[in-house]
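Here is how the chains run, residue by residue.
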Amino acid sequence: MRFLPHVTVATIIEHEGRFLMVEEYRDGRLVLNQPAGHVEEDESLIQAARREVLEETAYSVELTSVVGIYLFKADNGVSYHRSCFAGKVLQHYPERKLDEGILRAVWLSLDELRQRRDDLRSYLVLDCIEDYLKKPHYSLDLIR
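Residues numbered from 1 in each chain as written. Predicted model: local features only at pLDDT ≥ 70, side-chain atom pairs only at ≥ 80, totals over all residues. Heavy atoms only, no water.

With that out of the way, let us pick up the packing of aromatic side chains. Summed over all chains, the structure comprises 4 aromatic pairs. Consider the rings of tyrosine 59 and tryptophan 107, whose centres lie 5.8 Å apart with planes at 85°: the pair is edge-to-face. Of the two residues, tyrosine 59 sits in strand 5 (residues 59-73) while tryptophan 107 sits in strand 7 (residues 102-109), which places them 48 residues apart along the sequence. On the basis of relative accessible area, tyrosine 59 is assigned to the buried category, the value being 14%. Ring geometry for phenylalanine 72 against tyrosine 123: centres 5.3 Å apart, planes inclined by 70°, an arrangement best described as edge-to-face. In this pair, phenylalanine 72 is assigned in strand 5 and tyrosine 123 in helix 3 (residues 123-134), connecting sequence segments 51 residues apart. Aromatic ring contacts, followed pair by pair, group Phe72, Tyr80 and Tyr123 into a single cluster. (Phe/Tyr/Trp six-rings, centres within 6.5 Å; stacked < 30°, edge-to-face > 60°. Helix = DSSP H or I, 4+ residues; strand = E, 2+ residues; numbered from the N terminus. Buried < 20%, exposed > 50% of the residue type's maximum accessible area, 1.4 Å probe, protein only.)

Moving on to the nonpolar core. Nonpolar side chains in soluble globular proteins tend to end up buried together. By size, the foremost hydrophobic cluster in this structure holds 24 residues, and its most contacted members are Ile12, Phe19, Met21, Leu32, Cys84, Leu113 and Ile129. Those elements that place two or more of their residues in this core are strand 1 (6-15), strand 2 (18-26), strand 5, strand 6 (79-92), strand 7, helix 2 (110-115) and helix 3. With residues near it in sequence (within four places) discarded, isoleucine 129 still touches Ile12, Phe19, Met21, Gln34, Leu110 and Leu113. If you look at the next biggest cluster of nonpolar residues, it comprises 13 residues, including Val9, Ile46, Val53 and Val61. (Core = buried A, V, L, I, M, F, W, Y, C linked by side-chain atoms within 4.5 Å. Contact = heavy atoms within 4.5 Å.)

Assignment of secondary structure puts threonine 11 in strand 1. Accessibility expressed as a relative area gives 0% for threonine 11, which makes it buried. Dropping the residues within four chain positions of it, threonine 11 is found in contact with Gln34, Pro35, Ala49, Val53, Leu63, Phe85, Ala86 and Gly87.

The next thing to look at is the pairing of strand 2. Examined bridge by bridge, strand 1 and strand 2 share 2 bridges and lie antiparallel to one another. Bridging across to strand 2, histidine 15 finds its partner in arginine 18. The antiparallel hairpin formed by strand 1 and strand 2 contains 2 residues in its connecting segment, where glutamate 16 sits at a positive phi of about 50°. Where strand 2 and strand 7 come together, 7 bridges link them in antiparallel fashion. Bridge pairing links valine 22 to alanine 105 in strand 7. Here 5 bridges tie strand 2 to strand 3 (residues 29-33), and the two strands are oriented antiparallel to one another. Bridge pairing in strand 3 links glutamate 23 to leucine 32. (Pairing = 2+ DSSP bridges.)

Turning next to the side chain of glutamate 52. Along the polypeptide, glutamate 52 turns up in helix 1 (residues 45-57). Setting aside its immediate chain neighbours within four residues, glutamate 52 contacts Val9, Pro35, Ala36, Gly37, His38 and Asp99.

Spatial relationships are all this shows, so hold off on functional conclusions.
Quick look at the structure:
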């Protein structure tokens, strides 16, 4: 059997010490995640990251750096290859409808996210933010 990980992107957007997160329904429960999702056919990682942020939060963003690249095996046995970016808000479109399953976009502090650890979609949500805060960022030129 071939190993076929799902290729995904996530974006960390920080503003005044708060992080843009989404509350979404997953497997019958409400969870918190960065704006994130699968890369679509004929789409670059950068295009996918910008699209997912817009679809899930109604914010357009400029990506500023690569935070990290992660390989994650979910409880259901599916493996995900996640490219995590950092970005900054360009514009908000409050009238825009959010993706199906997304309840709302919400700005939360690191302390609030730590307090809601049990609500995170996976441990990668907090790991990516901590990497964003503590580890080097890489140029978008890394992505080809």
